[in-house]
Each structure stands twice: as structure tokens, then as C-alpha cells.
Amino acid sequence: MPFNQKPQKFNAKINSVTIGSGDKTVTIGGDSTFPFYTFDAPSENCPKIGVEISDMGLEGVSEGIKAYYDGASTMADIAKKAAAMEGADFVALILEGGDPNGENKSIDELIAVVKEVADAVDCPLVVEGCKNVEKDAELLPKVAEVLQGRNALILSEKEENYKAIGAAAGLAYNQIVGAESAVDINLAKQLNVVTTQLGVDPKKIVMNIGSAAAGYGYEYVVSTMDRIKGAALGQNDNMLQMPIITPVSAETWGVKEATASEADMPEWGPQDERGIDMEIMTAAADLAAGSDAVILRHPESVKTISKMIKALV
Amino acid sequence: MTLFESVFAGNDAVYGLTENAIDEAIKAHGADKAVSFPNTAYSLPCYYAVTGTKVGTLGELKEALGVVKTLMTREKRTHDVFMSGVATALCAEFIEVLKYIDGAVPYEEPCYGHLADAVIRELGVPLVTGDIPGVAVILGKAPSAEEAAALVKSYQAQGILVTLTGDIIDQLAEINYKTGANVRVIPLGKDVTSVIHVVSVAIRAALIFGNVKPGDAAALMEYTMKRVPAFVNAFAPLNDVIVACGAGAIALGFPVITDQADVARVPKSLICQTDISKWNATSLEARDIKIKITNIDIPVAFASAFEGEIIRRKDMQVEFDGSRVDCAELVQTCDASEVEDHKITVIGPEADEMELGSKNCIAYVVKVAGKNMQADFEPVIERKFHNYINCIEGVYHTGQRDMQRIRISIDAFNAGFRIKHIGEVLYSQVKNEFDAVVDKCEVVIYTDPAECKRVRHEVAIPTFEKRDERLDNLTDESVDVYYSCILCQAFSPSHVCVVTPERLGLCGAVSWLDAKATNELDPAGPCQVITKERPIDENLGSYEDVDEAVKKLSQGALEHVTLYSIMQDPMTSCGCFECICGIEPFSNGVVIANREYAGMTPLGMTFPEMASMTGGGVQTPGFMGHGKHFISSKKFMKAEGGIERIVWMPKELKDFVAERLNKTAKELYGIDNFTDMVGDETVATDPETLVAFLTEKNHPALALDPMM
């Protein structure tokens, strides 16, 4: 019997959202198939990769990453090298130094870093907060303000601070709002609902539905992404049709597989390779489950995932 | 003079002034002379927003005045009044823009005049988040500088942004009252027309934050009405021009409060309040502004860390004990006029007038008022009191209704904690947590024994009885809607609870009233309304509406759910069920096991084994999770015959439900002491012994048709 292909057609689409301004922009989302189901319909925009850099510079990064940025002494240098990485579509600046439980850098200090990075590169920009909801509520509106005209993606607005960040990024300064929830389809949807009720255009929202490193309760991430895509396409639920971005590296470089030194764990092999493996495995799974963009750190991971996307789309 | 006449006269006067001013300016500078406000991308923001046209030159300004004239219709209808108000505002904007010709700087310290777009972007965010809960537009000359300062200070204390127009600016300057954007008091200018600069802020907020298209006047007014929490305070005497400006403010949805006694009042929009010390409260109520309470004014800490704190007798200053003396805690819904917000009264002795270690009476009545408040929410709010009072450092609370017990520690007492502070805590927590339904809140605390006795027996107990009666009378048929609950989807993704008055959530924690309150307080939250307009089979409890909701909320995992059957499309379970019932084929009945029961059931399965086939959002006909209180419901597996199918329960559970279950059995089937016929683990844990027991007791299930 001949093979008779029956494409799965949906009368719904993931929103396409363009990040960045001028000549250099990236567009994520836009597909009306499950991830990489290019046999059902061609992909509008293949998944994109961001390279994460931190306001903490190269402090605490792995040897391989350090080697890549060798010679970069300022945030501007680091940003330029990140933008030039093979396979990179955008740069993601994480302001982890702002965490009150960590370095607790002042907002002025962090804004100076944002400006330095924004001036150094003209590629699309994503800015991630410090993960503390109160601090982010003050910090991210200021970030949105200094990036006026850049059409940047501001991560992350959460349930606790959605008004401040949603209003600043989405309304006052016309950036893209990144809505972050904790691996739960209903919370993700609820945040999109209240953000749009503020007046933010649904087409200017990107979701970060939460993540985990592969092997760390990761099944929840897969099933949540799966259900979100299912509802967005199968049920035409327009409060779940925002594309998904997943910051992978912030999760994977903190787990023991990536942090244990080779001296402590000789049977596990070289530390840098393990970090790359965790990053690649997690990112590949995120993309297969429904992420429209991932954020990575290691040049090797970026190269590999970029190759994977090209091979599948 | 009527309101119509005042507004029209004021409008005409301002129009005349504007026309002259424009003509003079054209004479002096020529029609091609550019006019603009500095630092805005919105031309003349008010005119641009209303008409969609940008004005760049004096000649165009003259044309624009012609457009304004068309708004000035003179029928005696409210629409004409509003439009004349808008026309007056636009004229004011024209007069103001003329002041800026040639890059002039018409305003100097402390006045601001026109505000730049950047200021609006900066103010917009705190306005959206509620950090700036409102905008007060104060106009004219206060009776005295002190009263002016007191009014402004009252708004500052609430975080409200204050703008000043007219003589009040000089009055505050005379007494060296600090003004400026950094203290959120912005003097605009001394001419009445400078008030347009705050209107311009509201209007640009609509363009920037509301995505309102310039020229869409209806959308503009809807935005300012719904989203810009501004109001006007205008001091007497009011002239026609101010009244006409006021009509413009009302058109944008901003109420006007004045002390001019003879003003023509318009309910909720033009309000006379001759006591200026009450302007703050009147304005907030009229504009429906709620102030977030960030710190509770008590001498000890308040945090969930203190929730589990226990006060021993030797550490105790005083205690209150509902099991020994008269106590009560009660929420009462009142009319807004009967509640004075944040008033806390103690009737009877304070803690420092009570003997060390003594047992006392206490009854606190929290009076609430709100447009969305319903009596059904009273017990929902009341149930939180335990948590609120427990979170106070050095205070402990157990029980509820008229059986609560409170202890105040010696340490808390020595730190200055008094009974009135319980009122502060209740006030601030109720206002914060229930702000969606509570607009005003007042607390009365009785410690006088006679008063406590009266409140308990004449107010509280009758209220509790009435509520219980309402709960008893609530049936699935008597309500118009059911509620969904998807609180547990985080770990059970395809499960949806349908909560009805006679079938509470299977966790036992979400009743229909709880779901209703949750929906009201958090409209985008886990509990959504399910209509019941299209029944398919009332006996099964199947509805098209329910099926649609379940399908949508389970993302398509479930297609059909019945409310009253365990055989056909039974309701799913997340895993939080208090009980599981399962079919027992030998007796045509069902066995119920509760979570606490660790032994074997006659099904040959333990509770965890039954749970493994019932949880996770799957439908297994013959098995169903449910709450304990559902067992005595008349809707319990009604489609299969109801509670007379119950043949076995663990003894503990049977004792727990006996009274209510027997009552239902009597009502439905005329059976006395039904639970005596129901087996338990002391009778049998295998089907043969159970059936022998049921036969001996003549259990009705044996005579029923098999369920499968």
C-alpha cells in the first residue's frame, strides 16, 4: 500500500513577534504546526538562538566560555563577541548582579551596563532581570526606558510585578514584554490575560513558561509546552498563542553536572563538556517541546543547536 | 441660574477670549507663525486626541477654533453640557499654547505649565500599578492656607498626585509648603486655563498607554473614565468659566467636588461638600479610588512567620475564650453610608484595664461596604480572621464564629499592643486582600460583657443560623451557574472540577460559595463561571455547557462529564480527593474509603490502590473521588439511585457523616438510621461477609438493579 500523507492542519497560528530594530531583527513564532513538523506545513520562522552574557562579566563562567571571550575586557567587548558567535541570532543580557541576595548592584550601575551593551551591538536585544520580583519591578521599567527605539524583549514580567513591567515595557516604551510563569499552563494563560487587560498588545508578548535542566523535573516543562502548543493550535486559544522563549543556560550551568570539578568527579569526565552536554540536551528538548527561541551561553552549544535547527527545518 | 446656563455662559466667555487672543496673535505674528508646546510629539494634545488633527500654525489654530465652535451646541441636554465643557477645555489649550509662541517660557518656579511627554511616560507606570492611586486636580482659593495645606497633605499621604491651579499656589507658598514633582505636588499655573496641562497629561496617557487613536473621542473618554483616576476639587466661589471647565472634566469621567453650597448637583459627578476636611474621603469614594495599605500601624511585627506561635499561660497577658464567655467574630455587609472607612472603635475596657492573666469577653464586628460586596462573601472573609490575627507577633487565635480563643502575650502587651490593634490588623488585611469587593471597612470591637452578650446572641448567632440555612437551601436547581476549579492542574493537567452547591470540590476545600468568591476576587483566576442553560439529561447531570467548559479547560482531554453519575462519564479527580467510592458488584452497591483509612476494603483494594485508578484526571467508570460532605448530598450518584447504594465505609468516616447521611436517607427513602445498615471494617473487609451482613440488615441496595 502506498504511503498516503495526511498533513495535520490547524486553523490557528502562533503569533510572530519581531525583536530588534533597523536592519537587524529576528522574528520568532508564526508557525501553525507542532515543533519541527515541517511535513505538515513549511516553517515560517525557524527557532532562534540567543547568546547570554551577564553584567557580572566573565566571573564564574566555564573555561570554554572564558576562552571564547579571551581578550574581551569590557561589557562592550563581550557583547560584540557574543553577537559575532556562530549561530547566534540575538544577544541576551542577564542582570544577575542586581539580585539583592547576591551582589545587589544598584539600578544605576546596571543601567550603565545595559547602555554599554546596547551601544556596542546593533543586533536584537533581550534583557533578563535579576530574578527578584521587587527589584525587577524597579529595574526593568528603567531598562525599557533606556532601550527606547530598540524594540527589545524585556524578561521577565511575573504575576507579582506584571503591572509595573507590563506597563513600562509594553505601553510606555514600546518594547516586547516577556511574560514568565512557573511551568503551569493556567498560570501562563492567566498572566497573558492580565497583561493584555493592562492594554499590552497580545502580539507584543513572548512567554517564558519556565524551565528546568534536563533531568531536574523536566517532564513538567515538556508537558506544559506540549499542552500550550496544543491549546494554541488545536483550540485556537489566542491567550496562549504567544511564542515561547526559554532561557536554558541560566538553569543548566547551575546544576551539579555542570559545576562539579573534574578533580571531584573524575569518572564524569571534563567539566566543560558536561556543561555543554547539559545545555545542548536541555535546549534540544525545549525546542522539540515547543520553544520558539532558546538562550544559551557556550559557543559549542550555540553551534550545535544551530546545526540541529538547520537540519530539521 | 441653571447648570445649563452656567456652562453655556462660561463656554461662550472662554470662546470669546480665545477668539480675541488668536486674532491678536495673528495680527502680531502672521497666520503662518508656528505654535507648539515644548517636548511633546502630540501637537496640541487635547485637540489632537479629540479630532485627530495636528495644529502647527496660528492659521491652523484659527481653523481649529471653527471646529471647536461646532461642539458648542445649545440644546438643553446633558450631551450639550458635556460637549461645551470639552469645547471650553480646548479653548483653554489654545490660550495656553499662545503663551509658548517663539519658544517663550511663560511659567516660572514654582509653576510647571505644560508637562513634557517624558513626564507622562514616567508617571504612567505608577498610575497603572496603583503606586499613584489617583490624581487630584485642585482649583481656586482655599478658605485658609492651613486648610489648603491639610487637604494637599492628606492626598500626599496616600500617594495621590496633586496638581494645583489658581490662588492655592500662592497660599501654599506663603506658608512655605514644599511643592514639586518630587513630592508629587505640581503647581500648574495661576490662570484657570492652566488646568488644561493636567487634562493634557490624562489625554496623552490615553494615547500612550491606552492605544487610543487620535480622533476617536469616544474611546478617549472611555479610557479616561475607566483608567485615569482623576478628580477635581474646586473651591468656592465658582464662576461660569470654572463650571464650564468642570463640565469638561465630568465628560472625561472626573467627578468635581466643591464647597459652593448653591451649585446644581449631579449625582456622582458634581458633588457639594461644604466641610473641606471631608473632601479627601468624598473624592476617593466618588472616583472609586482604593488606597493600598503598605504598613499596618501596630507596635509589634505582622508576618506569616508568627502564624504558628503558641502563647503559654505563663506568658499570657490576657485571653478571650468563646467556650467560657461571650465572644464572636463577624463580618457584616452594610450600606456605604453606614460605614466610616478605617474607623476603629473599642467599646468596653482596653487590655490595660484587664487583670493580668484574666479571661475576658470579646466580639468584633467588621462592617464592610462595597459595590461588588455580597452577603455570600461574609463567611469567606471571616474565615481569614484566624490567619490574620495569628500573624500578629505575640497574639494567638484559634476557632471561629462565637468559639474563638485569643491570647495576647505579656511581651506584645509591654510593646504597646492593645485590643484596638486587632482592629487595625483586621481593617488593613480585609482592605488589602478583598479590595475587589470591599470599598470601605470599619471595625467595632466590644469587650464590655453585656455588649458582647448582646452581639453574640442577638447579632452573630442569628446571622450564622441564617447563613447555615442558606447553605442548606442552596441546591443545584436553585442557582443559575456552576463554577469550574482548575487549581490542581499544575500537577493534574487534564482534571477539571465542576463545583455545584450540592457537590463541593473533591478536595473538600472549595464549596460553591468559595468558588463564587474566588471568581469575583480574581476574575481571570482558577474558578470560572459555567452556565447551565442547555441540559442534556437532568438525571445524569449532563449539560452541553458543562461539556464545553470541561473540554476547553482540560485542553480537549475530556469531552463529557456528568455531575451525578459514577458509571457514565464520571467527574475526574486530581488526586486531592478526601474519599473515593468504588463499585462493589456482589451487593449492587458502592464502597467508600477515606484517605485516613489505612486498612483493606471489601473491594480487595486499599485507599492508595483505589487512588491509583481514580486520580490524574482520568475517567474510570465505577470509581470516583469526592469530598466527605458530598456523601450526604441528595446528588450523590443520583443517576444510579443515590446514597442507598452505599454499602460500606470505614467506621471513622461513617461516624463523621452519620447524622447528615441518616437525615438524607430519611428524606429520600424514609429509612431510619441508614448507617446501621452500612458495613464497616469491624463487620467485614471481604465481599462475602459483607453481603451476609447486608442481607441480615435488609440493605436496600440488594434489591436494586445491578449497576453494570
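Everything quoted here is computed from the prediction, not taken from an experiment.

Asker: For the overall build of chain B, give the residues involved together with the corresponding values.
Answerer: Per the secondary structure count, chain B includes 21 helices and 23 strands. The principal-axis extents of the C-alpha atoms in chain B amount to approximately 110 × 65 × 40 Å. Sorting the 708 residues of chain B into buried and exposed places 48% on the buried side.

Asker: Would you mind going over the overall build of chain A in detail, with residue names and values included?
Answerer: Across its full length, chain A holds 11 helices and 10 strands. Here the C-alpha radius of gyration of chain A, 19 Å, is about what a compact globule of 313 residues would show, namely 20 Å. In terms of its C-alpha atoms, chain A occupies a principal-axis envelope of roughly 60 × 50 × 35 Å. Taken over 313 residues, chain A has a buried fraction of 53%. Once local pairs closer than 6 in sequence are excluded, the contacts in chain A between residues at least 24 apart make up 72%.

Asker: Explain the sheet that holds strand β21 (residues 589-594) of chain B to me, using residue names and the numbers behind them.
Answerer: Residues and elements named next belong to chain B. Here 4 strands make up an open sheet; going across it, the order is β22-β20-β21-β23 and the pairing mixed. Only two strands of the sheet have a single neighbouring strand rather than two, namely β22 (623-626) and β23 (646-648). With strand direction ignored, the average angle separating the axes of adjacent strands in the sheet is 35°. Note that strand β20 (residues 579-584) and β21 share 6 bridges and pair antiparallel. By the bridge assignment, C581 is partnered in β21 with I592.

Asker: Can you tell me about the sheet that holds strand β16 (residues 497-499) of chain B, naming the residues and giving the values?
Answerer: Adjacent strands of a sheet form backbone hydrogen bonds with each other and so pair up, either parallel or antiparallel. All names here are of chain B. Spatially, the 3 strands line up as an open sheet ordered β16-β15-β17, and their pairing is antiparallel. For this open sheet the edge positions go to β16 and β17 (529-531), each flanked by a neighbour on one side alone. Each neighbouring strand pair of the sheet contributes to a mean axis angle of 40°, computed without reference to strand direction. Here strand β15 (residues 481-485) pairs with β17 via 3 bridges, running antiparallel. Within β17, the position partnered with Y483 by the bridge is V529. Packing of helix α18 (residues 544-553) onto the sheet brings it into contact with β15, β16 and β17, and relative to β17 it is tilted by some 145°.

Asker: Talk me through the pairing of strand β6 (residues 153-157) of chain A; I want residue IDs and the actual numbers.
Answerer: As a general feature of sheets, a regular strand has side chains that alternate between the two faces. All names here are of chain A. With 5 of 5 residues buried, β6 is to be regarded as a mostly interior element. Judged from the 3 bridges that link them, strand β5 (residues 125-128) and β6 form a sheet pairing that is parallel. Across the sheet, the residue bridging to E128 is L155, located in β6. In this fold, β5 hands off to helix α4 (residues 133-146), which returns the chain to β6; that crossover is right-handed. As a crossover connection, the stretch from β6 through helix α5 (residues 162-172) into strand β7 (residues 176-180) is right-handed.

Asker: Pulling in residues and values, what's your account of the interface of chain B and chain A?
Answerer: If you look at the interface, chain B gives 19 residues, while chain A gives 22 residues. Looking at the side of chain B that touches chain A, the elements with two or more residues in it are α5 (117-129) and α8 (196-209) of chain B. Top element by residues in the side of chain B that touches chain A is α5(B). It accounts for 5 residues.

Asker: Describe in detail helix α3 (residues 58-71) of chain B, supporting the description with residues and values.
Answerer: Residue and element names in this part refer to chain B. Here α3 is 14 residues long and its end C-alpha atoms lie 20 Å apart, about the 20 Å a rise of 1.5 Å per residue gives. When we look at burial in α3, the residues that qualify are L58, L61, A64, L65 and V68. An end-on view of α3 places all buried positions within 110° of arc, on one side of the element. Facing away from the buried surface of α3 by more than 90 degrees, the exposed residues are G66 and T70.

Asker: With reference to specific residues and values, describe unusual backbone geometry.
Answerer: For the bond from A:L155 to A:S156, the omega torsion is 0°, close enough to zero to count as cis. One can find A:S156 in strand β6. Going from B:A236 to B:P237, the amide bond is cis rather than trans, its omega being 0°. When you line up the elements, B:P237 lands in the loop between β4 (230-234) and α10 (240-251). For A:N236, which is not glycine, the phi dihedral falls at a positive 50°. Inspection of the secondary structure assignment puts A:N236 in the loop between α7 (218-234) and β9 (245-247). Look at B:N176: it is not a glycine, yet its phi comes out positive at around 55°. Tracing the chain through its elements places B:N176 in the loop between α7 (168-174) and β3 (185-189).

Asker: Could you give me a rundown of the environment of B:C574, with the residues and numbers involved?
Answerer: All names here are of chain B. Examined against the element boundaries, C574 turns out to sit in the loop between α18 and β20. Residues C574 and A490 lie 84 residues apart in sequence; the distance between their C-alpha atoms is 9.7 Å. Non-local contacts of C574, meaning those with residues more than four positions away in its chain, are made with C488, S492, H495, G615 and G617.

Asker: Break down helix α15 (residues 419-433) of chain B for me, citing the residues and quoting the values.
Answerer: Three- or four-residue spacings in an α-helix give side chains the same orientation, since the helix completes a turn every 3.6 residues. Residue and element names in this part refer to chain B. With 15 residues, α15 should reach 21 Å at 1.5 Å per residue; the first-to-last C-alpha distance of 22 Å fits that figure. Listed as buried for α15 are I419, H421, I422, G423, V425, L426, Y427, S428, Q429, V430 and K431. The inward-facing, buried residues of α15 abut β9 (344-347), β11 (362-369), α12 (378-382), α13 (385-390) and β14 (440-446).

Asker: Explain the confidence of the model for chain A to me, using residue names and the numbers behind them.
Answerer: Looking at chain A as a whole, its pLDDT mean stands at 94, while 100% of the residues score no less than 70. Here helix α6 (residues 185-198) of chain A stands out as the least confident element of chain A, with mean pLDDT 91; strand β10 (residues 293-296) of chain A is the most confident, with 98.

Asker: I'd like to hear about the packing of α5(B) against α8(B), residue by residue, with values.
Answerer: All names here are of chain B. Viewed as axis vectors pointing N to C, α5 and α8 meet at an angle of 75°, and their least axial separation amounts to 10 Å. As the angle between them shows, α5 and α8 are arranged roughly perpendicular. On α8, the residues touching D117, I120, R121, G124, L127 and V128 of α5 are V201, R204, A205, I208 and F209.

Asker: Give me the lowdown on the environment of B:A173, citing residues and values where you can.
Answerer: Locating B:A173 in the fold gives a position in helix α7. Along the backbone, B:A173 and B:A701 are 528 residues apart, and their C-alpha atoms lie at a distance of 88 Å.

Asker: Give a description of the pairing of strand β12 (residues 395-398) of chain B that names residues and reports values.
Answerer: All names here are of chain B. Direction of pairing for β12 relative to strand β13 (residues 405-409): antiparallel, over a ladder of 4 bridges. By the bridge assignment, T398 is partnered in β13 with R405. Counting the residues between successive antiparallel strands, the hairpin from β12 to β13 contains 6 residues, one of them, G399, with a positive phi of roughly 75°.

Asker: Give me the lowdown on the nonpolar core, citing residues and values where you can.
Answerer: Of all hydrophobic cores here, the largest spans 184 residues; its most connected members are A:V91 and A:I154. With 119 residues, the next largest nonpolar core counts B:A363, B:C485, B:I530 and B:I631 among its residues.

Asker: Explain the confidence of the model for chain B to me, using residue names and the numbers behind them.
Answerer: Summary statistics for chain B give a mean pLDDT of 92 and a share of 100% for residues scoring 70 or more. Interface confidence in the predicted complex, given as ipTM, is 0.72; pTM for the same model is 0.77.

Asker: Before we move on, can you summarise the environment of B:A206 with the specific residues and values?
Answerer: Residue and element names in this part refer to chain B. With respect to the helices and strands, A206 occurs in helix α8. Residue classification places A206 among the buried residues on the basis of 24 C-beta atoms within 10 Å. The spacing of A206 and T224 is 18 residues in sequence and 6.7 Å in space, taken between C-alpha atoms. Residues contacting A206, with those up to four places away along its chain left out, are A49, V212, L220, Y223 and T224.

The rules behind these values
- Residues numbered from 1 in each chain as written.
- Chains lettered and ligands numbered in written order.
- Predicted model: local features only at pLDDT ≥ 70, side-chain atom pairs only at ≥ 80, totals over all residues.
- Helix = DSSP H or I, 4+ residues; strand = E, 2+ residues; numbered from the N terminus.
- Buried ≥ 20, exposed ≤ 12 C-beta atoms within 10 Å, placed from the backbone.
- Rg over C-alpha atoms; globule rule 2.2 N^0.38 Å.
- Contact = placed C-beta atoms within 7 Å.
- Pairing = 2+ DSSP bridges.
- Axes fitted to C-alpha atoms, helices over the stretch in contact; angles between N-to-C directions.
- Right-handed = clockwise from strand over helix to strand, strands pointing away.
- Expected span 1.5 Å × (residues − 1).
- Arc of directions from axis to C-beta.
- pLDDT = per-residue confidence, 0-100.
- Parallel < 35°, antiparallel > 145°, perpendicular 65-115°, else oblique.
- Core = buried A, V, L, I, M, F, W, Y, C linked by C-beta atoms within 7 Å.

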